[in-house]
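Observations on the three-dimensional arrangement
Single-letter residue listing:
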Amino acid sequence: MTLEIIGWILVVVLFAVGMAGTIYPILPGAVAIYAAYFVYGLCISFEPFGIWFWSIQTAIVIVLFIADYVVSAWGVKKYGGSRASIIGSTIGIIIGPFVIPVAGLLLGPLLGAMIGEMMTGSDMNRAIKVGFGSLVGLFTSTLVKIVLQLAMIVIFIIWVINA
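Below: a short report on this structure. The structure presented is a predicted model; accordingly, all values stated were derived computationally and were not measured.

Each value, and the rule that gives it
Numbering of residues starts from 1 in each chain and follows the order in which that chain's sequence is written. Only residues with pLDDT of at least 70 get local features here, since the model is predicted, and only at 80 or more are side-chain atom pairs given and counted; chain-wide, interface and lining totals rely on the full set of residues. In computing side-chain values, all of the structure's heavy atoms are included and hydrogens and water are not. Only DSSP runs of H or I with at least four residues qualify as helices, and only runs of E with at least two residues qualify as strands; both kinds are numbered from the N terminus onward. Under the convention used throughout, the expected extent of a helix is 1.5 Å for every residue step, that is, one less than its residue count. At any given residue, the bend is defined as the angle formed between two axes, one fitted to the seven residues that end at that position and one fitted to the seven that begin there. Only protein chains enter the area calculation, which uses a 1.4 Å probe; residues under 20% of their type maximum are buried, those over 50% are exposed, and those in between are partly exposed. In this analysis, two residues are considered to be in contact whenever any of their non-hydrogen atoms come within 4.5 Å of each other. Here, nonpolar core refers to any group of buried Ala, Val, Leu, Ile, Met, Phe, Trp, Tyr and Cys residues whose side-chain atoms link them within 4.5 Å.

Further remarks concern helix α3 (residues 51-78). The end-to-end C-alpha distance of α3, which contains 28 residues, comes to 39 Å, matching closely the 40 Å that a straight helix rising 1.5 Å per residue would cover. A bend of about 30° at A67 is the largest found in α3. Residues F53, W54, Q57, I60, V61, L64, A67, V71, S72, A73, G75 and V76 constitute the buried set of α3. Taken together, the buried residues of α3 touch α2 (30-43), α4 (83-99) and α6 (124-161). Where α3 terminates, the next one or two residues include G80, which has phi positive at roughly 85°.

Pasting the structure below:
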């Protein structure tokens, strides 16, 4: 097996891991996709990539990291959540899938936001509303990540084909 074939296999695997990271937040997501460019460069060639490629891809990664937090927080805030519910939702996104496999991906941010909101003295109805907002933020954030990470992959393919 040649280095070029190994490189392509690794690039595809990293792209798959990156896209899986949009759904399963413990996976590296955009970082895996970005790493695929280095694998391609090391195994095949860095020649197709110039300053514009790296600038565009880096900008997308930065937007992804900022948008991931901002969009999730927006969902909680839009439904009247406090800072504590945003923190609870974030903690829930991280630990939920480990505590409750599969269902924890949804229940983690929901329950985290609800617990955070109740810790500030809110009643159960408000906490449920804020918890729902955390799910709206999660789904919106996931959609944004899917679109931007697909854009990263498409830009890579276009750059390599046109090299």
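From this point, the narrative continues.
A word on the environment of L107. With respect to the helices and strands, L107 occurs in helix α5 (residues 104-119). Each C-alpha atom, one on L107 and one on P97, is 8.5 Å from the other, the two residues being 10 residues apart in sequence. Contacts of L107, omitting those with residues within four sequence positions, involve I100 and G112.

If you look at the biggest cluster of nonpolar residues, it comprises 20 residues, and the most contacted ones within it are V11, F15, Y37, F49, F53, M152 and F156. For this core, the elements supplying multiple residues, two or more each, are α1 (3-23), α2, α3 and α6. Sorting elements by how many residues they give to this core places α2 first, with seven residues. Setting aside residues up to four positions removed in sequence, F15 forms contacts with I33, A36, Y37, I153 and F156.

Before going further, it helps to spend a moment on the environment of V11. Here V11 shows up in helix α1. For the pair V11 and V102, spaced 91 residues apart in the sequence, the C-alpha separation amounts to 27 Å. Ignoring anything within four residues of it in the chain, the contact list for V11 reads A36, V39, Y40 and F156.

Another point: the environment of G88. By the secondary structure assignment, G88 is in helix α4. Exposure remark for G88: the relative accessible area of 12% places this residue in the buried category. Separated by 22 residues in the primary sequence, G88 and L110 place their C-alpha atoms 8.7 Å from one another. Excluding anything up to four places from it in sequence, G88 contacts G112 and A113.

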